[in-house]
Amino acid sequence: MKRWVAALWCGLLLASGMAGPAHAADPAPAASADCVPLKEGRLGILADDEKATGRAVTGARTCHAVHLSAGTHFIQIATPSVGGFTGWVTSVADGRRVCLKPAGTFWSCSIATAGDYTIDVDTYASTPPFDYRVAAVLVDPIGCTPVTGTRWDSPTTKVPHSDPLESHCATFPGEPGGKVYAYTDDGLSRISDAAGQAICWFPNKYQNPPCVLTGDGPYTAVFTTRSVPADEPAGIQVASVAPFEGCPVVTPARRFGVAPADPASGIRCRELHVPAAGTYALRARAVANEPRDYWVVDADVNVLRDCGELQLLCTFPAAGTYYLFAGQRWSGLDERPYRTTFTPASAAGCRSMDDQGAHGPARRGSFATIGEIDCYTVETDAEYLSILTARTQRPDVALLTSSGEPRCGRPGYCIGEETGGPYRVLASPKIGQAAGDYVIGLQRQDRFEGCRPWRPDVTVSFGPHRFTECFTFTNQAEGDMAVAIERTSGSGAATGEVNTDAGRVCEVMDEASFTCMAFPGAPTTLTVTADPEVSTYRVTRSYVTPPAG
């Protein structure tokens, strides 16, 4: 659906005179008597004769004869594919093409003079035949449904609907200078004043700013319903941002490791009370731990640029009231309940963790609920680090510098500050998984302590309180080195990472067998990461190619 709206909106904005695929040479305009008849429709439920069917033939033109009133019309062609054909409206009186179809299957066509017209569909020479349906709806807002309110917590207005070819309308109050967003099933709507003068469309450019009302009210939103199944009601929500009303209030937590105070709700916005400038952990999660992307604006609806990085952090330039919108700039309806986590990045509640996680007991934690964020502080002077987690019981993670700047947002290799820490590691339930237990560790890459000797064939055991182990040796030759990690007892899976004092030798993505470069004279370390289950593994290394020298 989003791809359809994106193509549709690009078609509305871009010029239609660009060269396209080859199609049949333009014949003379078809006589209207040769075209399938179609009656002009009105906003709302369409009658049977206000819809027509056709079959497009490869490299040929089909047409529909229709008497159109003066004014704006929404013309839609329902087809299995949005490509492979062009379309236009032609005046029968003089053969003049009034408006061309842009990209997509919808176009808005302004008719200056009432009269007889044809809607023409012309396929490309490479387009296979296809069946389609078509309607031409006069945008004449009469008998529109009043919205239930312009507060953000107002219920979605439902409108009777019988066919995806239909367009519907809803009226709402407002004042000149007011700002609103409109959300519909398709994400496409047009806002007009009481005189029918169009003010703006949604989506409204790339950043999708609010619609600034002009002229007199009441105002009208006209919207398409292409994605709405037949005989199901269509929905629209018009919400004001000048002023904001109906957004649940969220204040920042004082510490990490607590459940979000924001109850799950399908209301699209949250009112954030920021007590001081700075970086905050800010995350939106649906109840099934699905991510909800978001954007944040100030009271004047200016978008905060330093917000939403990793969909976890937001830097507020000053104390005050801000607003979070779930769903970013998509103007389609989205009423999935979600909750927000809002905590200063410098908040209390962090546990300590050292930089030698490759050898030693696991750092274990447990999330009580979706949206909870745990924090760990690491005092280290290392710049290059690796965040260690198991395949199971793996949290989502982010590493922050002492100034709250994010440096990485996933387990594995991470480049911190040149001068080192202190760092903070934030952990939260992995996307799509339930809350519960997890394990985590951090390992600096320039120094490993307590590692076992790495002989060509070694064994290692793991359990609930240990999920990492490291081995080290000094390589004496150069060549490709193969490493294999094989479980000999227990359950779970394991992978490895190989480092020298200059950093990682090879990139390993959850693989138990891999090949790395071996450098002569370099201390080389293998870190094995396993699921925190009772198990034993055999680790072997050998040269794939004979060592040089």
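Everything below is about the structure printed above this text.
Residues numbered from 1 in each chain as written. Predicted model: local features only at pLDDT ≥ 70, side-chain atom pairs only at ≥ 80, totals over all residues. Heavy atoms only, no water.

Re the pattern of salt bridges
Step number 1: In the structure shown here, the tally under the stated rule is 20 salt bridges.
Step number 2: In this structure, arginine 466 engages glutamate 469 in a salt bridge whose closest nitrogen and oxygen atoms are separated by 3.8 Å.
Step number 3: Residue classification places arginine 466 among the partly exposed residues on the basis of a relative accessible area of 26%.
Step number 4: Looking at glutamate 469, the relative accessible area reads 6%, which means it is buried. (Salt bridge = Lys/Arg side-chain N within 4 Å of Asp/Glu carboxyl O. Buried < 20%, exposed > 50% of the residue type's maximum accessible area, 1.4 Å probe, protein only.)

Re the side chain of threonine 184
Step number 1: Here threonine 184 lies in strand β14 (residues 179-184).
Step number 2: A distance of 3.0 Å separates the side chain of threonine 184 from the backbone nitrogen of glycine 187, its partner in a polar contact. (Helix = DSSP H or I, 4+ residues; strand = E, 2+ residues; numbered from the N terminus. Polar contact = N/O pair within 3.5 Å; in protein donor to acceptor, adjacent residues only side chain to side chain.)

Section: the nonpolar core
Grouped burial of nonpolar side chains is what soluble globular proteins tend to show.
Step number 1: Counting 32 residues, the largest nonpolar core has Trp152, Phe172, Tyr181, Ile191, Phe244 and Phe325 as its most contacted members.
Step number 2: Breaking this core down by element, the ones donating at least two residues are β13 (167-172), β14, β16 (198-202), β18 (219-224), β19 (234-240), β23 (294-298) and β26 (320-326).
Step number 3: When sequence neighbours within four positions are dropped, the list of residues in contact with isoleucine 191 reads Phe172, Ala182, Gln197, Ala198, Ile199, Cys200, Phe202, Cys211, Leu213, Thr220 and Ala221. (Core = buried A, V, L, I, M, F, W, Y, C linked by side-chain atoms within 4.5 Å. Contact = heavy atoms within 4.5 Å.)

Here's the deal with the sheet that holds strand β12 (residues 157-159)
Step number 1: As summarised here, the arrangement of the four strands in space is β12-β19-β14-β17, forming an open sheet in which the pairing is antiparallel. The sheet is open, and its two edges are formed by β12 and β17 (211-212), each paired on a single side.
Step number 2: As paired strands, β14 and β19 are joined by five bridges and run antiparallel to one another. By the bridge assignment, threonine 184 is partnered in β19 with isoleucine 236. (Pairing = 2+ DSSP bridges.)

Digging into the pairing of strand β27 (residues 338-344)
Two faces belong to every sheet, and in a regular strand the side chains alternate between them.
Step number 1: With six of seven residues buried, β27 lies mostly within the body of the structure.
Step number 2: Both strand β22 (residues 278-286) and β27 contribute to a ladder of seven bridges, which runs antiparallel. Considered in β27, the bridge of leucine 282 is made with phenylalanine 342.

A short note on the sheet that holds strand β7 (residues 97-100)
Step number 1: Reading across the sheet, the five strands line up as β1-β4-β9-β6-β7 and stay open at both edges, with mixed pairing between neighbours. Each edge of the open sheet is held by one strand with a lone partner, namely β1 (36-37) and β7.
Step number 2: Sheet analysis places strand β6 (residues 85-91) next to strand β9 (residues 115-123), joined by seven bridges and oriented antiparallel. Across the sheet, the residue bridging to serine 91 is tyrosine 117, located in β9.

Thoughts on the state of the cysteines
Step number 1: Taken as a whole, this structure holds nine disulfides when the rule is applied.
Step number 2: Covalent S-S linkage joins cysteine 247 and cysteine 269, the inter-sulfur distance amounting to 2.0 Å. On the sign convention where negative is left-handed, the bridge of cysteine 247 and cysteine 269, at about -105 degrees about the S-S bond, is left-handed. In this pair, cysteine 247 is assigned in the loop between β19 and β20 (249-250) and cysteine 269 in strand β21 (residues 269-274), connecting sequence segments 22 residues apart.
Step number 3: Taking the relative accessible area as the measure of exposure, cysteine 247 reaches 8% and is therefore buried. (Disulfide = S-S within 2.5 Å.)

Quick notes on the packing of aromatic side chains
Step number 1: Here the structure, examined in full by the defined rule, presents 23 aromatic pairs.
Step number 2: Plain terms: the ring middles of phenylalanine 244 and phenylalanine 325 are 6.0 Å apart, the flat faces sit at 35 degrees to each other, and that makes the pair tilted. Here phenylalanine 244 is found in the loop between β19 and β20, whereas its partner phenylalanine 325 is found in strand β26, with 81 residues between them in sequence. Residues phenylalanine 244 and phenylalanine 325 agree in their burial class; the two are buried.
Step number 3: Taken together, Trp152, Tyr181, Tyr183, Phe202, Phe244, Trp295, Tyr323 and Phe325 form an aromatic cluster joined through their ring pairs.
Step number 4: Sitting over the ring of tryptophan 88, arginine 97 keeps its end group 3.7 Å from the ring centre.
Step number 5: Across the ring face of phenylalanine 473, the terminal group of arginine 541 is positioned such that the distance to the ring centre comes to 3.7 Å. (Phe/Tyr/Trp six-rings, centres within 6.5 Å; stacked < 30°, edge-to-face > 60°. Lys NZ or Arg CZ within 6 Å of the ring centre and 35° of its normal.)

A few points about unusual backbone geometry
Step number 1: The linkage connecting phenylalanine 202 with the following residue, proline 203, adopts the cis geometry, with an omega of 0 degrees.
Step number 2: Residue placement: proline 203 occurs in the loop between β16 and β17.
Step number 3: A cis amide bond, omega 0 degrees, links glycine 217 with the succeeding residue proline 218.
Step number 4: Despite not being glycine, aspartate 231 has its phi angle at roughly 65 degrees, a positive value.
Step number 5: In this structure, aspartate 231 sits in the loop between β18 and β19.
Step number 6: Even without being a glycine, asparagine 289 presents a positive backbone phi close to 65 degrees.
Step number 7: One can find asparagine 289 in the loop between β22 and β23.

Observations concerning the environment of isoleucine 199
Step number 1: Its place among the elements puts isoleucine 199 in strand β16.
Step number 2: In this structure, the C-alpha to C-alpha distance between isoleucine 199 and tyrosine 219, residues 20 residues apart in sequence, is 9.6 Å.
Step number 3: In this structure isoleucine 199 touches Ile191, Ser192, Asp193, Cys211, Val212, Leu213, Thr214 and Tyr219, once residues within four positions along its chain are discounted.

Examining the environment of glycine 59
Step number 1: Tracing the sequence through the fold places glycine 59 in the loop between β3 (52-56) and β4 (61-68).
Step number 2: On the basis of relative accessibility, which here comes to 23%, the residue glycine 59 falls in the partly exposed class.
Step number 3: Sequence separation of glycine 59 and threonine 127 is 68 residues, and the distance between their C-alpha atoms is 7.2 Å.

A short note on the pairing of β22
Step number 1: Along β22, eight of the nine residues are buried, which leaves the element largely enclosed by surrounding structure.
Step number 2: Pairing analysis gives four bridges linking β22 to strand β25 (residues 313-316), with the strands arranged antiparallel. Bridging across to β25, glycine 278 finds its partner in phenylalanine 316.

With respect to the environment of aspartate 185
Step number 1: By secondary structure assignment, the location of aspartate 185 is in the loop between β14 and β15 (189-192).
Step number 2: The spatial distance from the C-alpha of aspartate 185 to the C-alpha of leucine 333 is 5.3 Å, given a sequence separation of 148 residues.
Step number 3: Among the polar contacts listed, one links the side chain of aspartate 185 to the backbone nitrogen of glycine 235, at a separation of 2.7 Å.

Any functional reading would require information beyond the geometric quantities listed.
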